[in-house]
Structure formats: C-alpha cells, structure tokens
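Residue-level structure breakdown
The residues making up each chain are set out below.
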Amino acid sequence: QHDVAGMVLIDPGFSGQTGQIARALGPAAAARMASANKQTLSALDRCLALAATGRLSSPAEQTSDCLDNPADPDPDVHVERNREAKSLAFERALRSEFEMANIAGPDGQTVDDHQTKQSGATLDAMPLAVLTRGESEPLPGLSANEIAKAESAWRTGHDNLAALSTVGSHTLIAHSGHFVELDQPDAVIRQVLAVLSQLRRHPT
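The following refers to the structure shown. (Residues numbered from 1 in each chain as written. Predicted model: local features only at pLDDT ≥ 70, side-chain atom pairs only at ≥ 80, totals over all residues. Heavy atoms only, no water.)

1. Remarks on the sheet that holds strand 2 (residues 128-133)
Using the following cut-off: One bridge is not enough; two strands pair if DSSP finds at least two bridges between them. A run of DSSP states H or I qualifies as a helix once it reaches four residues; a run of E qualifies as a strand once it reaches two. Both are numbered from the N-terminal end. For helices, the fitted axis covers only the stretch in contact; all axes are lines through C-alpha atoms, and the angles between them, taken along N-to-C directions, range from 0 to 180 degrees.
Pairing is parallel in the open sheet, where 3 strands are placed in the order 1-2-3. Looking along the sheet, the strands with just one partner apiece sit at the ends: strand 1 (7-10) and strand 3 (169-173). Each strand of the sheet is rotated relative to its neighbour by a mean of 20 degrees, with strand direction disregarded. Inspection of the sheet shows strand 2 paired to strand 3 by 5 bridges, in the parallel sense.

Encoded structure:
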C-alpha cells in the first residue's frame, strides 16, 4: 500500500465475491454457477496446455476459443489479444486469477478471500475510483433474472470496495462490458485524471 499513491479499479473482482453472488442467487442457481466455473477452469487448463506446447500459434488453432474468437471488431485489439493469448505466461496468469477469485474450497472461501482477511488492510484517504460495467455479463447456466441478481451483488461489492477509502468513489459506466477500458476508454481516462487531480491537491 505504501508504494501506491492512488488507484483506479476497472470492474474489479473483490474479496468475498463468490459467496456474495451465491447468496444473492440462492442454492440451486449458485450450484449451477459453481459447476460452470469448474468447467471454465477446465477450459483454461486446456488453453494453458496448448500455449505450453506452442500449438496456439499453429494455423490449426487459429479458430480456437483460447484465442480472440469471435474476433474483436477493432483489428488492433484482435491482434493484441491473440498475441497475449499465445503466451504461456499470460495463460498461466489468467488461469491463476480465475481460480483464486472464483473457485471456493471446502470452507466456501476462495484464495482471494483468505489473503484479504490476512492483510486486514484499509486504504485510509488514498484516492480511489472503482468503475463498474454498465451492461450485464452473460453467466453460463443462469436465467436473465438470476444474472440480474448476480449483477446487483457485483455492484454492491464495488460499493464496499470504494468504501475502503474515505475518499473512494464508485461509478457505473454506461454502455460497457467487463473490459470498460475497451468499450468506454474516455470514461477510464477521466477517472485516472480525476485521481491524479486529487493527488495534486492533497499529496501524500
């Protein structure tokens, strides 16, 4: 924390998200979501294995769902996403991030949950902006009503994240999915500039 002066968090995961969303959904839908998360982890294992052998760079895998397929409408973004996805380091990081945030152990807690409890940190008066996607994300196995409940829990989690700082803010970014920086880059830039402005007015 002492090495960071301010933060802009873009549609971030948060400690306790798996449990909060499960409680919002109810047992039956939460079980379906947990099953879908395990399937996603298996798919990430497959992508990791392909990257480890270099096969994601082969012509035979150019339509693989491990790559940017269907392709992003922006050709530059498409090229960059494919470049990342072919990297073993990227696939390892992606799998690790997903597992630690979404796969709960026998105690119902994820690795992220345990690590957050151990840190016990708050952000005091650090300038903090939390940005949340404005559009619902599709979740496998869930109905539209269940997805709406999950989104509500997601936004509540972001409220709680913003509250870690006494000057934290939480903003819903309209017309954006999870990758807010791609869908609404100007909104992200404005928030970064706002945090920088706070720091100039009140340097730490």
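There is more to say after this.
2. Some thoughts on the nonpolar core
In plain terms, the rule: Buried Ala, Val, Leu, Ile, Met, Phe, Trp, Tyr and Cys residues form a nonpolar core when they are joined through side-chain atoms within 4.5 Å. Only protein chains enter the area calculation, which uses a 1.4 Å probe; residues under 20% of their type maximum are buried, those over 50% are exposed, and those in between are partly exposed. Note on contacts: a residue pair is in contact if any heavy atoms of the two residues lie within 4.5 Å.
Counting residues in hydrophobic clusters, the biggest one holds 16 residues, and the most contacted among them are I21, L25, M33, V130 and L142. Put simply, the parts of the chain that give this core at least two residues each are helix 1 (17-25), helix 2 (27-52), strand 2 and helix 6 (144-162). It is helix 6 that provides the largest number of residues to this core, a total of 6 residues. Setting aside residues no more than four positions away along its own chain, I21 makes contact with M33, A150, A153 and W154.

3. Looking at helix 6
Stated formally: The span one expects for a helix is its residue count, reduced by one, times 1.5 Å.
In this model, helix 6 (19 residues) spans 27 Å end to end at C-alpha, consistent with the 27 Å of a helix rising 1.5 Å per residue. The complete set of buried residues in helix 6 reads E146, I147, A150, E151, A153, W154, G157, H158, L161 and A162. Buried residues along helix 6 sit in contact with strand 1, helix 1, helix 2, strand 2 and strand 3.

4. Digging into the side chain of E146
Residue position: E146 is located in helix 6. The exposure class of E146 is buried, given its relative accessible area of 15%.

5. Looking at the environment of L56
Mapped onto the elements of the fold, L56 is located in the loop between helix 2 and helix 3 (75-85). Residues L56 and P75 lie 19 residues apart in sequence; the distance between their C-alpha atoms is 19 Å. Setting aside chain neighbours within four positions, we find L56 in contact with C47, L50, A51, E61, Q62, S64, C66, L67, A85, K86 and E91.

6. Here's the deal with the environment of T132
Its place among the elements puts T132 in strand 2. Sequence separation between T132 and L9 is 123 residues; the distance between their C-alpha atoms is 8.7 Å. Apart from the residues lying within four places of it in its own chain, the contact partners of T132 are D11, W154, R155, H158, H170, T171, L172, I173 and S176.

7. Concerning the pattern of salt bridges
Stated precisely, the cut-off is as follows: Salt bridges are identified by distance alone: a Lys or Arg side-chain nitrogen within 4 Å of an Asp or Glu carboxyl oxygen.
In total, this model carries 10 salt bridges according to the counting rule given. Of the charged contacts, one joins R81 and D68 as a salt bridge, the two residues approaching to 3.5 Å between their closest N and O atoms. Here R81 is found in helix 3, whereas its partner D68 is found in the loop between helix 2 and helix 3, with 13 residues between them in sequence. Accessibility expressed as a relative area gives 26% for R81, which makes it partly exposed. Accessibility expressed as a relative area gives 9% for D68, which makes it buried. A salt bridge links R95 to E99; its shortest N-O distance comes to 2.7 Å. Here R95 and its partner E99 are both found in helix 4 (residues 88-102), 4 residues apart, which amounts to about one turn of the helix.

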